[in-house]
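Descriptive structure summary
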Amino acid sequence: MKILHLDSNHPLLINQLNDLGYTNHEDFTSSKADIENKINEYDGFIIRSRFSIDAAFLDAATNLKFIGRVGAGLENIDCDYAKSKGITLIAAPEGNRNAVGEHSLAMLLSLFNKLNKADKEVREGKWLREDNRGLELDGKTVGLIGYGNMGKAFAKKLRGFDVTVLCYDLKPNVGDENAKQVSLSELQEKAEVLSLHTPETESTIKMVNKNLINGFKKPFWLINTARGKSVVTSDLVSALKSGQILGAGLDVLEYEKSSFENLFSDNNMPEAFKYLIQSDQVVLSPHVAGWTIQSKEKLAQTIVDKIKTKFC
């Protein structure tokens with residue numbers, strides 16, 4: 001088979017596919033239109049997030065047998081249409097789930113212990129111990145929405161703490177020894193921390209809005225290492241101001257699909273985002289929860305293993 005690689009990845013990906021006898025070509029710079037003009041030559045292609053794969057692109061890929069996504073989500077691919085054409089979709093959530101679990105825990109502990117605020121103040125010559133008195137995670141109830149690879153990885157990390165972990169998922173019977181599956185209403189009644197681990201779908205876009213937020217019985221902390229569009233930022237900011245949300249760790253933002261740097265020009269920054277970057281209650285990172293040295297290798301290896309299982 002001939003495979004086209006549309007993004008750079010760990011070298012083991014191409015090396016091992018070469019060893020399996022596949023022909024591998026790389027094209028990291030051509031436009032989508034140019035790729036579309038030659039995609040009929042290939043049996044498979046591997047992509048991260050370079051561009052979306054729509055019906056027109058898939059129609060041009062007349063010999064395509066598989067699409068490999070070096071990452072967890074497939075929201076940039078018209079999955080239903082691809083499946084209707086007999087194309088196998090290969091993702092790699094197993095490759096970065098541990099990284100996401102660790103990053104989620106890091107954000108939560110940073111918020112509880114005011115580490116970003118304290119670090120900034122010490123660098124400014126301020127030694128404010130009482131003002132930076134932290135909270136302990138032990139004894140808290142952590143609620144997870146989404147209990148697939150990422151949710152399970154975070155729940156596993158929480159085993160070292162004396163916490164109760166609840167999970168809500170559309171699929172039945174996904175709870176395990178690390179998290180008890182409950183209804184959304186029970187999660188809202190009991191949770192003091194909410195962490196999102198959902199894909200981007202029609203049902204998860206704008207999922208965390210004022211109605212869901214106000215349905216929580218207790219003020220809570222929010223962690224989002226999933227998808228930025230799942231949270232309505234203006235509703236999050238309103239809840240931070242009112243105290244219904246005590247703090248937020250955000251690895252993803254609803255704005256990130258646009259040119260992020262342009263948000264910082266004088267006239268382009270949304271008021272809600274301006275509040276986030278000025279708030280001591282918020283910890284931000286640039287969509288890197290699953291972005292570790294180890295996960296880069298694991299993601300590539302997962303894709304190779306799945307191609308080998310399916311086609312060798």
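Below, the structure is looked at part by part. Along each chain, residues carry numbers from 1 onward, in the same order as the chain's sequence is written. Totals for whole chains, interfaces and linings use all residues, but because this is a predicted model, local features are given only for residues with pLDDT of at least 70 and pairs of side-chain atoms are given and counted only at 80 or more. Where side-chain values are given, they derive from all heavy atoms of the structure, hydrogens and water being excluded.

A few words on helix H5 (residues 93-112). Over its 20 residues, H5 extends 28 Å from the first C-alpha to the last, a length consistent with the 28 Å expected when each residue adds 1.5 Å. In this scheme, a residue with accessible area under 20% of its type's maximum is buried, one over 50% is exposed, and one in between is partly exposed, where area comes from a 1.4 Å probe on protein chains only. What counts as a helix is a DSSP run of H or I of at least four residues, what counts as a strand is a run of E of at least two, and both are numbered from the N terminus. Along H5, 14 of the 20 residues are buried, which leaves the element largely enclosed by surrounding structure. Lys114 sits one or two positions beyond H5 and adopts a positive phi of about 55°. In this scheme, a helix's expected span is set at 1.5 Å multiplied by one less than its residue total.

For strand E10 (residues 220-224), the tally of buried residues reaches 5 of 5 residues, placing the bulk of the element in the interior. Side chains of E10 alternate between two faces, with Phe220, Leu222 and Asn224 and Trp221 and Ile223 buried alike. As paired elements, E10 and strand E11 (residues 245-250) share 5 bridges and run parallel to each other. Of the residues in E11, the one forming a bridge with Trp221 is Gly247. Assignment of crossover handedness uses the view with strands pointing away from the viewer, where a clockwise path from the first strand over the helix to the second indicates a right-handed crossover. In this region the chain leaves E10, passes through helix H10 (residues 233-242) and returns to the parallel neighbour E11; the handedness of that crossover is right-handed. Strands pair, by our definition, only if DSSP identifies at least two bridges between them.

This next bit is on helix H1 (residues 12-19). Within the sequence span of H1, burial applies to Leu12, Leu13, Ile14 and Leu17. Two residues qualify as a contact provided that any one of their heavy atoms is within 4.5 Å of a heavy atom in the partner residue. On its buried side, H1 packs onto strand E1 (2-5), strand E2 (23-26), strand E3 (44-47) and helix H12 (293-311). A positive backbone phi angle near 95° is found at Gly21, which sits one or two residues after H1.

This part covers the environment of Gly160. Tracing the backbone through its elements, the reader meets Gly160 in the loop between helix H7 (149-157) and strand E7 (164-168). Taking the C-alpha atoms as reference, Gly160 lies 9.4 Å from Asp138; in sequence the two are 22 residues apart.

For the rest of this paragraph, the subject is the pattern of salt bridges. The term salt bridge refers to a side-chain nitrogen of Lys or Arg lying within 4 Å of a carboxyl oxygen of Asp or Glu. Scanning all chains against the criterion turns up 16 salt bridges. With a closest N to O distance of 3.4 Å, Asp59 and Lys85 form a salt bridge. With a gap of 26 residues between them, Asp59 in helix H3 (residues 55-60) and Lys85 in the loop between helix H4 (79-84) and strand E5 (88-90) connect regions that are remote in the sequence. On the basis of relative accessible area, Lys85 is assigned to the partly exposed category, the value being 36%. A salt bridge links Glu124 to Lys126, with the nearest nitrogen and oxygen atoms 3.4 Å apart. Assessed through its relative accessible area of 44%, Glu124 is described here as partly exposed. Given a relative accessible area of 40%, Lys126 falls into the partly exposed group.

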